[in-house]
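Fold and contact review
Residues per chain, in single letters:
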Amino acid sequence: MSAHKEEKLKSTLEAVSPGFMVDSGWLERHEVSRFLARKYVDRGWLERVTRGVFRRPAPGAGKSDTIDWKTCLLSIQHIMDYQVHIGGMTALALQGYSHYLPLGGNAPVWVYGEDIPNWLARLPLNAQLETRTTPLFSDPALGLTKDGSDAASTLPWDWQLRMSSPERAILEVMDELPGHESFHNLDMAFESLMTLRPRTLSALLHSCRKIKVTRLFFVFADRHNHPWRKRLDPQEFNLGSGDRALVRGGRIHPRYRIMVPEEFAITEAADGA
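Here's a quick rundown of the structure. Not measured: the values here are computed from a predicted model. (Residues numbered from 1 in each chain as written. Predicted model: local features only at pLDDT ≥ 70, side-chain atom pairs only at ≥ 80, totals over all residues. Heavy atoms only, no water.)

**Description of the environment of His 224**
- Here His 224 is to be found in helix H9 (residues 211–224).
- When the C-alpha atoms of His 224 and Met 194 are compared, they prove to be 9.0 Å apart, with 30 residues separating the residues in sequence.
- Those residues in contact with His 224, other than ones at most four positions away along the chain, are Asp 187, Phe 190 and Glu 191. (Helix = DSSP H or I, 4+ residues; strand = E, 2+ residues; numbered from the N terminus. Contact = heavy atoms within 4.5 Å.)

Here it is in structure tokens:
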């Protein structure tokens, strides 16, 4: 191998920690052609995971047929720099807000982003992914957790998953009612959200593109009446007009005019409303 190719290989491998992944687009941006990528695979320096996706082998680990979903998402976020994040119920569970929500087994992992790579669905992950590419908020970065780690200078065990804050995650969950989430699970999750930040909630509600989600938020906020509720005035937000149908056989909420299961339409005056 020429000195130039050896240097290119060295810089490529240094950027990809053992066990982590890159795609062909990332390799090409680092001047590794498809022909050269095949050579790296033939010599065992990279493993082909699926068409256009490669993993750097971990010494002594052996080749596994299953990929850990967290390793996959960390690779996507910190190495390949796709603007995707973990959200919804997954983000709430990872941040300790929902003790009854399991991660693993049949629990899906919720992934959001406008540029989710199309090869993600082909990977043999150890969890089912649910992906959403249509933005719920006009500001796509609003309410995401901050991660100060730098893939160029830190080790992968210092990396953090980019995910929705609890304020954003609960609104993402509401967007899945009633087809992909249940009122019961959402009600249980909302019960634990006693320390949400009203300023962050306000910014997210102003940025929210769906009237359904904004109305549902206040249905649950009034129902649980956490201390932060009195800091939010529903009249400051766009609640639209007219009744909205959401579930069959339910009841129109008397204040927020959206059809919900009957038990969620029973209201009391909220403090400060």
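Here the narrative resumes.
**Brief notes about the packing of helix H6 (residues 166–174) against helix H7 (residues 183–191)**
- Running from N to C, H6 and H7 cross one another at 165°; their axes reach a closest spacing of 11 Å. With respect to their mutual orientation, H6 and H7 come out roughly antiparallel. Seen along the crossing, H6 lies across H7 with a hand that is left-handed. Facing H6, whose interface residues are Ile 170, Val 173 and Met 174, H7 presents Leu 186, Ala 189 and Phe 190.
- By residue class, the composition of the contact of H6 with H7 is 6 nonpolar, no polar and no charged. (Axes fitted to C-alpha atoms, helices over the stretch in contact; angles between N-to-C directions. Parallel < 35°, antiparallel > 145°, perpendicular 65-115°, else oblique. Left-handed = near helix turned anticlockwise from the far one by under 90°. Nonpolar A, V, L, I, M, F, W, Y, C, P; charged D, E, K, R; others polar.)

**What to know about the packing of aromatic side chains**
- Inspection of every chain in the model, using the stated rule, returns 13 aromatic pairs.
- Clustering of aromatic rings is evident, with ring pairs tying together Phe 183, Phe 190, Phe 217, Phe 218, Phe 220, Trp 228, Phe 237, Tyr 256 and Phe 264. (Phe/Tyr/Trp six-rings, centres within 6.5 Å; stacked < 30°, edge-to-face > 60°.)

**Here's the deal with the nonpolar core**
- The biggest cluster of nonpolar side chains holds 76 residues, and the ones touching the most others in it are Met 174 and Phe 217.
- No other element matches the 7 residues that H9 contributes to this core.
- If we ignore the near neighbours within four places in the chain, the residues touching Phe 217 are Leu 171, Met 174, Phe 190, Leu 201, Leu 205, Trp 228 and Leu 232. (Core = buried A, V, L, I, M, F, W, Y, C linked by side-chain atoms within 4.5 Å. Buried < 20%, exposed > 50% of the residue type's maximum accessible area, 1.4 Å probe, protein only.)

**A closer look at the sheet that holds strand E2 (residues 47–50)**
- The strand order across the open sheet built from 3 strands is E1-E3-E2, with neighbouring strands paired in antiparallel fashion. Edge positions in the sheet fall to strand E1 (21–23) and E2, since each of these pairs with one other strand and no more. Pairs of neighbouring strands in the sheet enclose a mean axial angle of 35°, with direction left out of account.
- As judged from the 3 bridges shared by E2 and strand E3 (residues 53–55), these two strands associate in the antiparallel manner. In the strand pairing of E3, Arg 48 is matched with Phe 54. (Pairing = 2+ DSSP bridges.)

**So, H7**
- Listing the buried residues of H7 in full gives Phe 183, Leu 186, Asp 187, Ala 189 and Phe 190. Across the axial projection of H7, the buried residues extend over an arc of 165°, all falling on one side.
- Buried residues belonging to H7 abut helix H5 (88–94), H6, H9 and strand E8 (259–260). (Arc of directions from axis to C-beta.)

**A word on empty space enclosed by the protein**
- Counted according to the given criterion, the structure contains 1 cavity of 30 Å³ or more.
- In this structure, the largest cavity spans a volume of roughly 30 Å³.
- Along the walls of the largest cavity sit Gly 88, Met 89, Trp 110, Tyr 112, Glu 172, Val 173, Glu 176, His 180 and Glu 181, which together make up its complete lining.
- Of all the secondary structure elements, the ones that give two or more residues to the lining of the largest cavity are H5, strand E5 (109–112) and H6. (1 Å grid on protein atoms, 1.4 Å probe; cavity = no way out; pocket = protein on both sides within 12 Å on 5 of 7 lines; lining within 4 Å. Points joined across faces, edges and corners; volume = space filled by probe spheres on them.)

**Let's talk about the pattern of salt bridges**
- Taken as a whole and assessed by the stated rule, the structure comprises 13 salt bridges.
- For the salt bridge of Glu 28 with Arg 34, the shortest nitrogen-to-oxygen distance reads 3.2 Å.
- Looking at Arg 34, the relative accessible area reads 56%, which means it is exposed.
- Linking Arg 223 and Glu 263 is a salt bridge whose minimum nitrogen-to-oxygen distance equals 3.6 Å. Here Arg 223 is found in helix H9, whereas its partner Glu 263 is found in the segment after E8, with 40 residues between them in sequence. (Salt bridge = Lys/Arg side-chain N within 4 Å of Asp/Glu carboxyl O.)

**Concerning a positive patch on the surface**
- A surface patch of like charges, here positive, comprises Arg 38, Lys 39, Arg 43 and Arg 48.
- Locating Arg 38 in the fold gives a position in helix H3 (residues 34–42).
- When its relative accessible area of 44% is taken as the criterion, Arg 38 is described as partly exposed. (Patch = residues over 30% accessible without salt bridge, like charges linked within 9 Å, V, L, I, M, F, W, Y side chains within 5 Å. Areas by Shrake-Rupley, 256 points an atom, 1.4 Å probe, with all protein chains shown as cover. Lys, Arg positive; Asp, Glu negative; His and termini not counted. Charge placed at Lys NZ, Arg CZ, Asp CG, Glu CD.)

**Comments concerning the environment of Glu 263**
- Assessed through its relative accessible area of 47%, Glu 263 is described here as partly exposed.
- Between the C-alpha atoms of Glu 263 and Arg 251, which are 12 residues apart in sequence, the distance is 8.7 Å.

**Describing the side chain of Glu 130**
- Inspection of the secondary structure assignment puts Glu 130 in strand E6 (residues 129–132).
- One polar contact links Glu 130 to Gln 128, side chain to side chain, over a distance of 3.1 Å.
- Once you skip the residues sitting within four places of it in the chain, Glu 130 turns out to touch Pro 108, Val 109, Trp 110 and Val 111. (Polar contact = N/O pair within 3.5 Å; in protein donor to acceptor, adjacent residues only side chain to side chain.)

**Concerning the pairing of E5**
- Burial along E5 is two-sided: Val 109 and Val 111 and Trp 110 and Tyr 112, pointing in opposite directions, are all buried.
- Direction of pairing for strand E4 (residues 85–86) relative to E5: antiparallel, over a ladder of 2 bridges. Paired with Ile 86 across the strands is Val 111, a residue of E5.
- Taken together, the 4 bridges between E5 and E6 define a ladder with parallel strand orientation. Looking at E6, one finds that Trp 110 is bridged to Glu 130.

None of this, on its own, says anything about what the molecule does.
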